[in-house]
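Spelled out from the first residue to the last, the chains are:
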Amino acid sequence: MFAATAITEGDKPQFYKELSDQLEALLAGENDPTANAANTSALIFQMLPDINWAGFYFLRSQAELVVGPFQGKPACVRIPVGRGVCGSAVERATSILVEDVHAFPGHIACDAASRSELVVPLIYDGRVFGVLDLDSPTPSRFDSDDQVGVERLAAIYTAACAWEEQVD
């Protein structure tokens, strides 16, 4: 049985190194994308301070993301590619760090309490298939260390899953 261990010492890079190690241990031996997304979002939500939403959106067509496993308040179910932070991250195939969501053109407010956001695209075999999305009620909650750390978590998630069975 897996039990998350509190990370109390070190700077952000060290925090994310330890969180990455825990995620690898949590996902070891499991390759189901849904199960791994559920556990990944739960671990992030439990361990990362000052966030109010952590979860996944997956492409269900070339034009639309659909919510996947998450932790937090109920979420927007469908997001068009190119709209909001999540849809823009898919369109650009790059991470987007937003210090103030109210300043992001076309931001989609699923939770009015969210003030900052970090979205990392999930890429397998050169194609974006979804995003890992984190929200915080604090403006400027996320920085470049968070981006690098969450990109590593997204890579661990992607590597753990049996995508050849899922992606055509």
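What counts, and where the lines are drawn
- Residues numbered from 1 in each chain as written.
- Predicted model: local features only at pLDDT ≥ 70, side-chain atom pairs only at ≥ 80, totals over all residues.
- Heavy atoms only, no water.
- Pairing = 2+ DSSP bridges.
- Helix = DSSP H or I, 4+ residues; strand = E, 2+ residues; numbered from the N terminus.
- Axes fitted to C-alpha atoms, helices over the stretch in contact; angles between N-to-C directions.
- Salt bridge = Lys/Arg side-chain N within 4 Å of Asp/Glu carboxyl O.
- Buried < 20%, exposed > 50% of the residue type's maximum accessible area, 1.4 Å probe, protein only.
- Contact = heavy atoms within 4.5 Å.
- Phe/Tyr/Trp six-rings, centres within 6.5 Å; stacked < 30°, edge-to-face > 60°.
- Expected span 1.5 Å × (residues − 1).
- Arc of directions from axis to C-beta.
- Polar contact = N/O pair within 3.5 Å; in protein donor to acceptor, adjacent residues only side chain to side chain.

Visitor: Break down the sheet that holds strand β2 (residues 64-72) for me, with residues and values.
Guide: Backbone-to-backbone hydrogen bonds join strands into a sheet, with any given pair of strands oriented parallel or antiparallel. Pairing within the open sheet is antiparallel, and its six strands lie in the order β3-β2-β1-β6-β5-β4. Looking at the sheet topology across the chains shown, the edges are occupied by β3 (78-80) and β4 (96-98). When the angles between neighbouring strand axes are averaged without regard to direction, this sheet yields 25°. As judged from the seven bridges shared by strand β1 (residues 53-61) and β2, these two strands associate in the antiparallel manner.

Visitor: Hey, could you go over the pattern of salt bridges for me, with residue numbers and the actual values?
Guide: Tallying each qualifying case throughout the model produces seven salt bridges. With its nearest N and O atoms 2.6 Å apart, the salt bridge here joins K12 to D146. A residue pair is termed long-range when its members are at least 10 positions apart, and K12 in helix α1 (residues 12-27) and D146 in helix α4 (residues 144-160) qualify at 134 residues. Accessibility expressed as a relative area gives 28% for K12, which makes it partly exposed. On the accessibility criterion, D146 (1% relative accessible area) is buried. Linking D21 and K17 is a salt bridge whose minimum nitrogen-to-oxygen distance equals 2.8 Å. A residue pair is termed a helical-turn pair when its members lie 3 or 4 positions apart in one helix, as D21 and K17 do in helix α1 at four residues. The network of salt bridges with shared partners includes K12, R141, D143 and D146.

Visitor: Lay out the environment of L118 in plain terms, naming residues and giving numbers.
Guide: Along the chain, L118 falls in strand β5 (residues 116-124). As a C-alpha pair, L118 and I79 span 39 residues in sequence and 16 Å in three-dimensional space. With residues up to four places along the chain from it excluded, the contact list for L118 reads I96, L97, L132, D133, L134, F142, D146, Q147 and V150.

Visitor: Pulling in residues and values, what's your account of the packing of aromatic side chains?
Guide: Per the stated rule, a full pass over the model turns up six aromatic pairs. By the ring-pair criterion, three or more aromatic residues cluster together here, those being F56, F58, F129 and Y157.

Visitor: Tell me about the pairing of β2, and please be specific about residues and values.
Guide: The side chains of a regular strand alternate between both faces of the sheet. What sits between β1 and β2 in their antiparallel hairpin is a turn of two residues. Looking at chain direction, β2 and β3 are connected through three bridges and run antiparallel. Residue pairing in the sheet places L65 in a bridge with I79 of β3. Here β2 hands over to β3 after five residues, the two strands then running antiparallel side by side.

Visitor: An account of helix α2 (residues 33-47) is requested, with residue identities and associated values reported.
Guide: Between its terminal C-alpha atoms α2 stretches 21 Å, which fits the 21 Å expected from 15 residues at 1.5 Å a residue. Of all the positions in α2, only P33, N36, A37, T40, S41, L43, I44 and M47 are classed as buried. Viewed along the axis of α2, the buried residues span an arc of 165°, placing them on a single side of the element. When the buried face of α2 is taken as reference, the exposed residues oriented beyond 90 degrees from it are T34 and Q46. Along its buried surface, α2 packs onto α1, β1, β2, β6 (127-136) and α4. You can read the cap of α2 off the contacts: a side-chain oxygen lies 3.0 Å from the backbone nitrogen of T34, and it is on D32.

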